[in-house]
Amino acid sequence: QKEVEQDPGPLSVPEGAIVSLNCTYSNSAFQYFMWYRQYSRKGPELLMYTYSSGNKEDGRFTAQVDKSSKYISLFIRDSQPSDSATYLCAMSGARWQGAQKLVFGQGTRLTINP
Amino acid sequence: EPEVTQTPSHQVTQMGQEVILRCVPISNHLYFYWYRQILGQKVEFLVSFYNNEISEKSEIFDDQFSVERPDGSNFTLKIRSTKLEDSAMYFCASSLGQNNSPLHFGNGTRLTVT
C-alpha cells in the first residue's frame, strides 16, 4: 500500500461548483497535513496547514482531517477559473529537531471551466 | 511577501558533469530542504539541513549529492557526476522550524541531463 494516495484526475468542473479533493494515507504517525497548489512550471504554494484531526477554513477553502479513517480533504467553494491547477496533499510525522520530511500525494489536476 | 528564490530556472548539462543548484531561503527561516519531482511523478524529499548540518536525508541522496550553506543567505545542492535519471525539477524549501511553521517552496530548477 502506498504511503499517500491521491487520485491524479484530471478533474473538470464548471465555474461556481464546489470542488472536493482528497487523499488517503497509511502511516498513522502522520500528524501534520498540508494542501499545496501548483501552477504549471511553478513551485508548490501552501494553501492550508492543519495539525491532527479537525477542520480548518480559510476563505473559500476548507481542509478536513479524519485521522481515524486516515483521510484528508480539501473543499473549494465558488470555484473560479484561477483555481485551475494541480493540488498536492502532503503530510509529515513528528518533527525531529524541527525539520519536516513531507510525503506528497501524486497531485490532482483540476480545471475550472468558465 | 518573502519568498524562496532559486537559480537558474533551467539547467542543461551533460552526463557526468557537476552541477550546482542555488537557493536563497526566506531570511529568518532556520530549516532548509531540497525536494525533487521527476516528470509525472510525486514530489520527493531529498534532504533537510539545520544548523549547518544535514538533519535527515533520503535514500536518493547518495554520495553524488551534497548540500552547503556557503554564506548567510545561499543554500546549494551539488550533484557531482550527473546521470540521465537525475533529470527532474529540484525544489528548495525553507521553514521556521517552530510549531505550525510549514514549508515554503521556491519555483524550482529544471535540470536536464543529456
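This structure is a prediction, so every number in the text was calculated from the model and none was measured. (Residues numbered from 1 in each chain as written. Chains lettered and ligands numbered in written order. Predicted model: local features only at pLDDT ≥ 70, side-chain atom pairs only at ≥ 80, totals over all residues. Heavy atoms only, no water.)

Chemist: How do you make sense of the sheet that holds strand S1 (residues 4-6) of chain A when you look at a structure like this?
Modeler: Note: strands within a sheet are paired through backbone hydrogen bonds, in either parallel or antiparallel orientation. Residue and element names in this part refer to chain A. A sheet is described by the order of its strands in space; here 5 strands give the open sequence S1-S3-S8-S7-S6, paired in antiparallel fashion. Each end of this open sheet is capped by a strand with a single partner; those strands are S1 and strand S6 (54-58). Going from strand to strand, the sheet's axes swing by 15° on average, the running direction of each strand aside. Pairing between strand S7 (residues 61-66) and strand S8 (residues 71-76): 6 bridges, direction antiparallel. Along S8, the bridge assignment pairs aspartate 66 with tyrosine 71. (Pairing = 2+ DSSP bridges. Helix = DSSP H or I, 4+ residues; strand = E, 2+ residues; numbered from the N terminus. Axes fitted to C-alpha atoms, helices over the stretch in contact; angles between N-to-C directions.)

Chemist: Even after reading the chapter, I still don't get the nonpolar core, so can you show me in this structure?
Modeler: Inside soluble globular proteins, nonpolar side chains tend to come together where they are buried. Residue and element names in this part refer to chain A. Ranked by internal contacts, the top residues of the largest apolar core, which has 24 residues, are Trp35, Ile72, Leu74, Ile76, Tyr87 and Met91. Contributing elements (two or more residues each) for this core: strand S3 (19-25), strand S4 (32-38), strand S5 (45-51), S7, S8, strand S9 (85-92) and strand S11 (108-113). Residues within four places of isoleucine 76 in sequence aside, it is in contact with Ala17, Ile18, Val19, Leu21, Arg60, Phe61, Asp83, Tyr87 and Leu110. (Core = buried A, V, L, I, M, F, W, Y, C linked by side-chain atoms within 4.5 Å. Buried < 20%, exposed > 50% of the residue type's maximum accessible area, 1.4 Å probe, protein only. Contact = heavy atoms within 4.5 Å.)

Chemist: Help me understand the state of the cysteines, please; the structure alone is not making it clear to me.
Modeler: Should the sulfur atoms of two cysteines be covalently bonded, the bond is a disulfide. As enumerated under the stated definition, the model contains 2 disulfides over all chains in all. Across the disulfide, Cys23(A) is cross-linked to Cys89(A) (sulfur-sulfur distance 2.0 Å). Around the S-S axis, the bridge from Cys23(A) to Cys89(A) shows a dihedral of about -105° and counts as left-handed. Note that Cys23(A) is positioned in strand S3 and Cys89(A) in strand S9, a separation of 66 residues in sequence. In this pair, the class of Cys23(A) matches that of Cys89(A), namely buried. For Cys23(B), the disulfide goes to Cys92(B), at an S-S distance of 1.9 Å. Where Cys23(B) bonds to Cys92(B) through sulfur, the torsion about that S-S bond is close to -65°, and the disulfide is left-handed. (Disulfide = S-S within 2.5 Å.)

Chemist: Would you mind going over the interface of chain B and chain A with me for this structure?
Modeler: How large an interface is tends to be reported as the accessible area lost when its parts come together. The interface of chain B with chain A comprises 25 residues on the first partner and 22 residues on the second. Together chain B and chain A conceal approximately 2,100 Å² of surface at their shared face, both sides included; 53% is due to carbon and sulfur atoms. Counting across the interface, chain B meets chain A through 1 salt bridge. Of the residues in the side of chain B that touches chain A, the class split is 10 nonpolar, 12 polar and 3 charged. (Buried area = accessible area lost by both parts, 1.4 Å probe. Salt bridge = Lys/Arg side-chain N within 4 Å of Asp/Glu carboxyl O. Nonpolar A, V, L, I, M, F, W, Y, C, P; charged D, E, K, R; others polar.)

Chemist: Looking at this structure, how should I read the packing of aromatic side chains?
Modeler: How two aromatic rings sit relative to each other is set out by the distance from centre to centre and by the angle between their planes. Scanning the entire structure with this criterion turns up 17 aromatic pairs over all chains. Here Phe104(A) and Tyr35(B) contribute two aromatic rings whose centre-to-centre distance is 5.9 Å and whose plane-to-plane angle is 80°, an arrangement assigned as edge-to-face. With one member in each of two chains, Phe104(A) in strand S10 (residues 103-104) and Tyr35(B) in strand S4 (residues 31-37) form a pair that bridges those chains. A relative accessible area of 2% means that Phe104(A) is categorised as buried. Assessed through its relative accessible area of 0%, Tyr35(B) is described here as buried. Summarising the aromatic geometry, the rings of Tyr31(B) and Tyr50(B) are spaced 4.2 Å apart at their centres and angled 10° between planes, so their arrangement reads as stacked. Separated by 19 residues along the polypeptide, Tyr31(B) in strand S4 and Tyr50(B) in strand S5 (residues 43-50) bring together distant segments of the chain. Overall, the relative accessible area of 26% leaves Tyr50(B) in the partly exposed class. Three or more aromatic residues link up through ring pairs in this structure, and these residues are Tyr36(A), Phe104(A), Tyr33(B), Tyr35(B), Phe45(B), Phe91(B) and Phe105(B). (Phe/Tyr/Trp six-rings, centres within 6.5 Å; stacked < 30°, edge-to-face > 60°.)

Chemist: How do you make sense of the sheet that holds strand S1 (residues 5-7) of chain B when you look at a structure like this?
Modeler: Residues and elements named next belong to chain B. Read across the sheet, 4 strands follow the order S1-S3-S8-S7 without closing on themselves; strand pairing throughout is antiparallel. Whereas interior strands pair on both sides, the edge strands pair on one side only; in this sheet they are S1 and strand S7 (65-68). Neighbour-to-neighbour, the strand axes of the sheet open up by a mean angle of 20°, direction not taken into account. Across 3 bridges, S1 lies against strand S3 (residues 19-24) in antiparallel orientation.

Chemist: Even after reading the chapter, I still don't get the side chain of Ser66(B), so can you show me in this structure?
Modeler: With respect to the element layout, Ser66(B) can be found in strand S7. Residues in contact with Ser66(B), not counting those within four places in the same chain, are Phe61(B), Thr76(B), Leu77(B), Lys78(B) and Arg80(B).

Chemist: Explain the environment of Arg109(A) here, please?
Modeler: Take Arg109(A): it is sitting in strand S11. Beyond its immediate stretch of four places on either side in the chain, Arg109(A) contacts Pro8(A), Pro10(A), Leu11(A), Ala85(A) and Thr86(A).

Read these as spatial facts, not as claims about activity.
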